[in-house]
Amino acid sequence: MSLKRQLFLLGLLTLILPWLALRYMGQVDHTLRQMRLSNLQELTENTRRLLLQNPVLIQRLQVRNQALPATFAPPAVADRLVDGYLTEWPAFNGQCALTVCQAQRFVALPTGVQAQWLSAKGADDTLYLAFRLSGFSPVLYQPQAASDAVILRFDDEQFKLQAARSGGGFVQRKTTAQGRWQRDYASEAFWRIDDSSGAITIEWQLPARLQNKAFSLSFASAQLGYALFASVNNQPMHWAFYEHAYVSHIAPLLGPEQRLMLFDARGYPFVEVGALALGYGLPSLGVGHSWLMRWYVYFFNKPAQPYHKPNVPMLAEQKEQQWLFNRIAPVARVTIPLGLDAHNQPLGWLIMDRQESRFDSLLAQVYSEFVLLCVAFAIVVVLVLVGFASLHSWRIRRLAASARRTLGEQGELSMHLIAQNFKASKSPDEIGQLSRSLSVLLMRLSRQQAYLRNLAAKLSHELRTPIAVIQSSLDNLCAQGLDDGQAQYVKRAGEGAKRLSRTLNAMSAANALEQSLEAVECERVDMRALLGDIVAAYQEVYAPQTIVAHISDEASTAQSGPWPLEGAPELLVQMFDKLIENACQFAADKTPIHFECTRIFDAHQGGECIRVSIRNIGPALPKGMEQQVFDSMVSVRAPTPSTHASESHSESEAVKPLHLGLGLYVARLICAFHQGSIRAFSEPYAQSENSDAPQSSHRLATVTFEVLLPIKQ
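Bear in mind the structure is a predicted one, so any value in this text is a computation, not a measurement. (Residues numbered from 1 in each chain as written. Predicted model: local features only at pLDDT ≥ 70, side-chain atom pairs only at ≥ 80, totals over all residues. Heavy atoms only, no water.)

Participant: Sorry if this is basic, but what is going on with the overall build of the protein chain here?
Facilitator: Secondary structure assignment for the protein chain yields 13 helices and 26 strands. In the protein chain, which comprises 713 residues, the proportion classed as buried is 43%. Looking at the protein chain alone, contacts between residues at least 24 apart form 67% of all its contacts between residues at least 6 apart. Accessible surface, the protein chain: about 38200 Å² in total, of which carbon and sulfur atoms supply 56%. (Helix = DSSP H or I, 4+ residues; strand = E, 2+ residues; numbered from the N terminus. Buried < 20%, exposed > 50% of the residue type's maximum accessible area, 1.4 Å probe, protein only. Contact = heavy atoms within 4.5 Å. Areas by Shrake-Rupley, 256 points an atom, 1.4 Å probe, with all protein chains shown as cover.)

Shown next as C-alpha cells:
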C-alpha cells in the first residue's frame, strides 16, 4: 500500500470527530432536556396549587366524578350532515387521538353480533348519536308487528327510533305525563341498511336540552328477541363534555407555547387551554433546521415517542415526565394528579405540554454549526495529510527514478550516469538524508564495479610471469628424468598451469576486446549470407552434435533478399561462436540445438530487426538470474558432460569442460556495440515419447538465448 493511501486511511480516523461531536451534543442536549423537564415540573406543581384554590372548578370536577356511569361526547365536526354514512365519525375507524373517544360496544353481545355506538356534542350544544350494528337481519317497521328500534330513556321521557320501509327513519317520543308514543319532529335521524352485508348504520340528532339528563340506551332486535344494552343492566349514564366555561379560570396561568389539559378521575377531558405548533415527520428546512440537523434529530436526538394525547387515568401516586417527538419542535410533557378526594383517589389529572421552538431552533443552529466545523476540520486534516503524503510520495518516486536512471542498459553503474541523473537532495529531513546516503552508496558501487572491470587486466598482468616461471620449472623437472610417481605429479601440475594460463588468456582477451571496441570500424554486412555460412561451419565443427538451422523472413516479401547490417563481421561471428559454444556445453546428450534466424519488425527498436534464437535442452537458468548470466565471471549452471565433444578438445576437457562465465559477457559487449539487445530465458521442457533425450533425474528445460540486431537501410 502506497504512502498516500496509508496517510489517507489515517486521515479518515479524523472523521471520528463529527461522531464525537454528535455524541457530545447528545449528552448536552440530554442535560438541557432534563433541566427543562424539571422546570416544567415546578411550573405544573405551581399551576396545580393555584387550581386547587379555585372552589368553583374543584366543585364541578367533584360532581363529574360522582356522575357514574358516564360517557364522553367529544366535540362534533362542524356542519355535520345526518345521512347514516358515518363519514364525520373518524372514531369508528380508530382515528380519534383520545382513548375515551373511541367507539363503545354494547354489553353482553351474542356470538357473531357486532354493535357499537358513539356520542358527540355540536357547537350549538346539539347532541349526536351514531350506531353501527351487524351480525343479524334487520326487521323494518310495520304496524301491528315487532320491528327493530333504538330506545333512549330519560327520567321523564323516552325516545324510540325505528326504520321505515321507505328508507330513512323516524323518531317517536313518549313522556310520563302523556303516556303514549307520538312523532317527535324536534329530532332528526337516518337509518341505513347495507344491501351487501346487511349491516345497519344509524345517525341521530337530539335537542340540546337533553345534555344534562342521565339516560339509558338499548337496541331492541326483533330477530334476536331481546334488547342489547349500552350499559350494564341498562343503568342510566351521564354525559361528559369539555367544560368550556372554565377556560377563563385556567388561561391566565399559561404562557406562550404551552398547553394545559385537565382530566377528571375517569380520564375524560375536562378542559383544554393553549395550543402547540404540531407536525409529523422530520424537521422542516426552515431557519435553524439544516439538513444536518434533520439527520441529527432523526438518528440521535429523536425522543422515544411521537406526540400523542395523554392516556389517563393512572395510579394515584404516579407522575410522569417525557419528551415527545414532533416535526416543528420537541414537546415536554409533565403529568401529575390534581389532588386527592376523601377516599384518597385523584380528583383529576393535570397535564402540561410546552414547546420552546425558538430555543430549539437556536440550539439546532448551534449544533449544526458545531458539527459543520468538526466536519470541515476533519476534511482539512485529511486534505493536509493527503497533500503531505503526495509531496513525500513524489519525492520518493523521484528518488527511485533517479536511482534507476543511474543504471546502464546491462545494469552497470558509472560515475558519468550518476553525475548526470542523480542529484542528491539538500533537504534536512529524512528523505534528504536518504538521498545523500544513496548518492554515496551509488558512487562507492560505481568505483567497486570499475575496479572489478579492471581486475581481469591487472590479474592477467600480475600472474602471467609467475605462471611462466612455474611452467619453465616443470619443463626443467621433466628434462631431468623422473620416476613414474614423480612424473604423474609433474604432469598434473603442468595441466593445472595450462588451465590457469588459458583462464588468464580468456580474461585478457575479454578485456582486450572491451578496449578494442572503441577503435573498431564498421562495414555493411549481409547477415543472411553470414548466418548461412557460420551455421554450416557449426554443423561441421560440433558434429555429431545436431544443429537445426532455420532462416526466414517475416517482415519482407523478398524472401531471398539481403539482410543489410552496419557492423563488424568478425565480432558478430565471435558473438555467435560464444553463444553456440555455451549451448553445446549445456545441452543434454542426444538433444538438438536449434539455430533460428528471422527478419522481423520490432516496435521497441522502431524498425526491422534480425532475431537470432539459439535454443538448447539442458539445465534451467535459476530464477532471477536471466540477466546476470551476461556479467563477467558469472556461471550459474553446471556444464553437461558430452560424449561428442569437439575433437580439438583434450580428453580431460571433454570430461570437465572449462566454463569461466566470460563467453556470454563477450557476447553482450558485442551485441551492445551493434546497438542490439540480448536476453536469456527458460521454458519447461515437455519430453515426447519419440524423443532421444536421456531420462535424467534432473529436471530439464528449454533454454533460449535471443539476440535482436537492428537493420539499417
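Participant: So what exactly am I meant to see when it comes to the sheet that holds strand S18 (residues 331-340) here?
Facilitator: Either a parallel or an antiparallel arrangement is found when strands of a sheet pair, and the pairing is made through backbone hydrogen bonds. One open sheet holds the six strands; their spatial order is S15-S14-S19-S18-S17-S16, and the pairing between them is mixed. Pairing within the sheet leaves two strands with one partner each, and these edge strands are strand S15 (269-274) and strand S16 (305-306). Pairing geometry for S16 and strand S17 (residues 320-325), over two bridges, is parallel. In the sheet register, Gln305 faces S17, and the bridge partner there is Leu324. (Pairing = 2+ DSSP bridges.)

Participant: What am I meant to see in the sheet that holds strand S4 (residues 127-134) here?
Facilitator: If you trace the five strands from one edge of the open sheet to the other, you get S2-S3-S4-S10-S9, paired in antiparallel fashion. The sheet terminates laterally at strand S2 (104-105) and strand S9 (188-193), the two strands that pair on one side only. Pairing of strand S3 (residues 114-121) with S4, which is carried by eight bridges, proceeds in the antiparallel orientation. Looking across to S4, one finds that Gln116 is bridged to Arg132.

Participant: Help me understand the nonpolar core, please; the structure alone is not making it clear to me.
Facilitator: Nonpolar side chains in soluble globular proteins generally cluster together in the buried interior. Membership of the largest hydrophobic core comes to 47 residues, with the highest contact counts inside it found for Met527, Leu531, Met575, Phe576, Leu579 and Phe595. Taken together, the elements giving at least two residues each to this core come down to helix H9 (484-516), helix H10 (527-541), helix H11 (569-586), strand S23 (593-602), strand S24 (607-619), helix H13 (663-673), strand S25 (677-684) and strand S26 (700-710). Here this core gets eight residues from one element, more than from any other, and that element is H11. Setting aside residues up to four positions removed in sequence, Met575 forms contacts with Ala667, Ile670, Cys671, Val707 and Leu709. Counting 33 residues, the second largest nonpolar core, distinct from the first, contains Phe136, Val150, Ile202 and Trp204. (Core = buried A, V, L, I, M, F, W, Y, C linked by side-chain atoms within 4.5 Å.)

Participant: It is not clear to me how a nonpolar patch on the surface should be interpreted in this structure. Could you clarify?
Facilitator: Taken together, Phe8, Leu9, Leu12 and Leu15 make up a surface patch of nonpolar side chains, about 320 Å² in accessible area. Residue placement: Leu9 occurs in helix H1 (residues 3-12). (Patch = residues over 30% accessible without salt bridge, like charges linked within 9 Å, V, L, I, M, F, W, Y side chains within 5 Å. Salt bridge = Lys/Arg side-chain N within 4 Å of Asp/Glu carboxyl O.)

Participant: I would appreciate a short explanation of the packing of aromatic side chains in the present structure.
Facilitator: For any two aromatic rings, the description comes down to two numbers: the centre-to-centre distance and the angle of the planes. The final tally for this structure, using the stated rule, is 15 aromatic pairs. Ring centres of Phe154 and Phe159 lie 6.1 Å apart, and the angle between their planes is 90 degrees; this geometry places the pair in the edge-to-face category. Note on Trp239 and Phe241: the rings are 6.1 Å apart at their centroids and 15 degrees apart in plane angle, and the pair reads as stacked. Grouping residues by exposure puts Trp239 and Phe241 together as buried. Three or more aromatic residues link up through ring pairs in this structure, and these residues are Phe154, Phe159, Phe215, Trp239 and Phe241. (Phe/Tyr/Trp six-rings, centres within 6.5 Å; stacked < 30°, edge-to-face > 60°.)

Participant: Looking at this structure, I do not really get unusual backbone geometry. What am I missing?
Facilitator: Across the chain, the bulk of peptide bonds are trans and the bulk of non-glycine residues have phi less than zero. With an omega of -15 degrees, the peptide bond running from Leu68 to Pro69 counts as cis. The step from Ala543 to Pro544 runs through a cis peptide bond, and the omega angle for that step is 5 degrees. As for its placement among the helices and strands, Pro544 is situated in the loop between H10 and strand S21 (547-553). The phi dihedral of Asp125 is positive, around 70 degrees, even though this residue is not glycine.

Participant: Honestly, the pattern of salt bridges in this entry has me stumped. Any pointers?
Facilitator: For side chains bearing opposite charge, pairing can occur when the charged atoms are close. Per the stated rule, a full pass over the model turns up 20 salt bridges. Across the salt bridge formed by Arg48 and Glu45, the nearest N and O atoms sit 3.2 Å from each other. Separated by three residues within a single helix, Arg48 and Glu45 lie in helix H2 (residues 16-52), roughly one turn from each other. No difference in accessibility class separates Arg48 from Glu45, as the two residues are buried. Notably, a salt bridge pairs Arg615 with Glu596, separated by 3.2 Å at the nearest N-O pair.

Participant: Before we go on, may I ask you to explain the confidence of the model for the protein chain in this structure?
Facilitator: Any residue range with low pLDDT should be treated as having predicted coordinates unsuitable for detailed reading. Within the protein chain, residue pLDDT values average 81, and 85% of them lie at 70 or more. Between residues 280-289, whose pLDDT stays under 50, and residues either more than four places distant or in other chains, the model counts 22 contacts. A low-confidence stretch, residues 642-657 stays under pLDDT 50, and its non-local contacts, those more than four residues away or across chains, total 14 contacts. (pLDDT = per-residue confidence, 0-100.)

Participant: What should I look at first to understand the pairing of S18 in this one?
Facilitator: Side-chain direction in a regular strand flips from residue to residue, so the side chains alternate between the two faces of the sheet. In terms of residue burial, S18 counts as a mostly covered element, since nine of its 10 residues are buried. Where S17 lies against S18, five bridges are found, and the strand directions are antiparallel. The residue bridging Leu324 from the neighbouring strand is Val331, located in S18. Direction of pairing for S18 relative to strand S19 (residues 346-354): antiparallel, over a ladder of eight bridges. Looking at the pairing, Arg333 lines up with Asp353 of S19. With antiparallel pairing between neighbouring strands as the criterion, S18 and S19 make up a hairpin whose turn holds five residues, including Asn344 at a positive phi of roughly 60 degrees.

Participant: How should I be thinking about H11 in this particular structure?
Facilitator: In this model, H11 (18 residues) spans 26 Å end to end at C-alpha, consistent with the 26 Å of a helix rising 1.5 Å per residue. If you check which residues of H11 are buried, you get Pro569, Leu571, Leu572, Met575, Phe576, Leu579, Ile580, Asn582, Ala583, Cys584, Gln585 and Phe586. (Expected span 1.5 Å × (residues − 1).)

Participant: Sorry, what's going on with the packing of H11 against H13 here?
Facilitator: How two helices pack is summed up by the angle between their axes together with the distance between the axes. One can describe the packing of H11 onto H13 by two numbers: an axis separation of 9 Å at closest approach and a directional angle of 145 degrees. Remark: the crossing between H11 and H13 carries left-handed chirality. Of the residues in H13, those touching H11 at Leu571, Leu572, Gln574, Met575, Lys578, Leu579 and Asn582 are Gly663, Leu664, Val666, Ala667, Ile670, Cys671 and Phe673. For the contact of H11 with H13, the residue count by class is 10 nonpolar, three polar and one charged. (Axes fitted to C-alpha atoms, helices over the stretch in contact; angles between N-to-C directions. Left-handed = near helix turned anticlockwise from the far one by under 90°. Nonpolar A, V, L, I, M, F, W, Y, C, P; charged D, E, K, R; others polar.)

Participant: Please clarify how the environment of Ala277 should be interpreted in this entry.
Facilitator: The residue Ala277 is located in the loop between S15 and helix H5 (291-299) in this model. Looking at Ala277, the relative accessible area reads 39%, which means it is partly exposed. Each C-alpha atom, one on Ala277 and one on Gln258, is 9.9 Å from the other, the two residues being 19 residues apart in sequence.

Participant: I keep staring at the packing of H2 against helix H6 (residues 357-405) and nothing clicks. Help me out?
Facilitator: Two elements in contact, H2 and H6, have axes separated by 9 Å at closest approach and are oriented at 160 degrees. Looking at the two axes, H2 sits roughly antiparallel to H6. Of the two elements, H2 crosses H6, and the hand of that crossing is right-handed. Two secondary-structure elements touch here, H2 through Leu17, Pro18, Ala21, Leu22, Tyr24, Met25, Val28, Asp29, Leu32 and Arg36 and H6 through Phe359, Asp360, Leu363, Tyr367, Phe370, Val371, Cys374, Val375, Phe377 and Ala378. (Parallel < 35°, antiparallel > 145°, perpendicular 65-115°, else oblique.)

Participant: Just to check I follow, could you spell out the pairing of S24 for this structure?
Facilitator: Note that S23 and S24 share nine bridges and pair antiparallel. Pairing of Phe595 across the sheet is with Ile614, part of S24.

Participant: Sorry if this is basic, but what is going on with the side chain of Thr704 here?
Facilitator: Looking at the element boundaries, Thr704 is found in strand S26. Owing to a relative accessible area of 1%, Thr704 belongs among the buried residues under this scheme. Polar contacts involving the side chain of Thr704 include one to the side chain of Arg615, which spans 3.3 Å. With residues near it in sequence (within four places) discarded, Thr704 still touches Ser613, Ile614, Arg615, Arg679, Ala680 and Phe681. (Polar contact = N/O pair within 3.5 Å; in protein donor to acceptor, adjacent residues only side chain to side chain.)

Participant: Hey, could you run me through the environment of Ala450 in this one?
Facilitator: Summarising the element assignment, Ala450 is placed in helix H8 (residues 430-479). A relative accessible area of 26% places Ala450 in the partly exposed class.

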